Amino acid sequence: MRDEVLTIRAAAARIGKTEKTIYNWINAGHLTPLRQNVLLSELVVVERAMAEKRGRPRKHDTPS
């Protein structure tokens, strides 16, 4: 079975995020770029991981 390849624009639309978010995930090493495309299966995994992080305090927000 072949994995679906999405453009950055299609990937962003698919998960309801901006193209900038997809590029940020690529630049952070969370997604592997494939000539301005990403794999749907990888996108789903990263989106779930990022959703779990939402709402957690950042390191600099925690009391010392």
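Above: the structure in question.
Values in this document were obtained by computation on a predicted structure and should not be read as measured data. (Residues numbered from 1 in each chain as written. Predicted model: local features only at pLDDT ≥ 70, side-chain atom pairs only at ≥ 80, totals over all residues. Heavy atoms only, no water.)

The number of helices and strands found in the protein chain is three helices and two strands. In sequence order, the protein chain lays out its α and β elements as β-α-α-β-α. Across the 64 residues of the protein chain, 23% fall into the buried class. Taking all contacts inside the protein chain whose residues are at least 6 apart in sequence as the whole, residues at least 24 apart take part in 46%. (Helix = DSSP H or I, 4+ residues; strand = E, 2+ residues; numbered from the N terminus. Buried < 20%, exposed > 50% of the residue type's maximum accessible area, 1.4 Å probe, protein only. Contact = heavy atoms within 4.5 Å.)

Another aspect to go through is the side chain of Glu 47. Locating Glu 47 in the fold gives a position in helix α3 (residues 40-53). Once residues lying within four places of it in the same chain are set aside, the contact partners of Glu 47 are Ile 15, Lys 17, Trp 25 and Arg 54.

As a further point, take the nonpolar core. With 13 residues, the main nonpolar core has Ala 11, Ile 22, Trp 25, Ile 26, Leu 31, Val 38 and Leu 43 as its most contacted residues. Among the elements of the structure, α1 (8-15), α2 (19-27) and α3 are those that each provide at least two residues to this core. A per-element tally of this core places α3 first, with four residues. (Core = buried A, V, L, I, M, F, W, Y, C linked by side-chain atoms within 4.5 Å.)

In this section: the packing of α1 against α2. Packed helices, taken two at a time, are described by their axes: the angle between them and the distance between them. It is the contact of α1 with α2, at a shortest axis distance of 8 Å, that shows an interaxial angle of 110 degrees. One element, α1, and the other, α2, form an angle in the roughly perpendicular class. Residues Ile 8, Arg 9, Ala 11, Ala 12 and Ile 15 of α1 form the contact with α2, whose own contacting residues are Glu 19, Ile 22, Tyr 23, Trp 25 and Ile 26. (Axes fitted to C-alpha atoms, helices over the stretch in contact; angles between N-to-C directions. Parallel < 35°, antiparallel > 145°, perpendicular 65-115°, else oblique.)

With that out of the way, let us pick up α1. Since the α-helix turns once every 3.6 residues, residues separated by three or four places project in the same direction. Buried within α1 we find Ile 8, Ala 11 and Ala 12. The buried residues of α1 all sit within an arc of 95 degrees when viewed along its axis, so they share a single face. For α1, exposure combined with an orientation more than 90 degrees from the buried face picks out Arg 9 and Ala 13. Next to the buried residues of α1 lie β1 (5-7), α2, β2 (37-39) and α3. Within two residues after α1, Gly 16 carries a phi angle of roughly 75 degrees, on the positive side. (Arc of directions from axis to C-beta.)

Attention now moves to the side chain of Asn 37. Locating Asn 37 in the fold gives a position in strand β2. Within the structure, the side chain of Asn 37 is placed 3.1 Å from the backbone oxygen of Arg 35, a separation counted as a polar contact. Look past the residues within four positions of Asn 37 in its chain and what remains in contact with it is Val 5, Leu 6, Thr 7, Ile 8 and Thr 32. (Polar contact = N/O pair within 3.5 Å; in protein donor to acceptor, adjacent residues only side chain to side chain.)

That is the geometry; function is a separate question.
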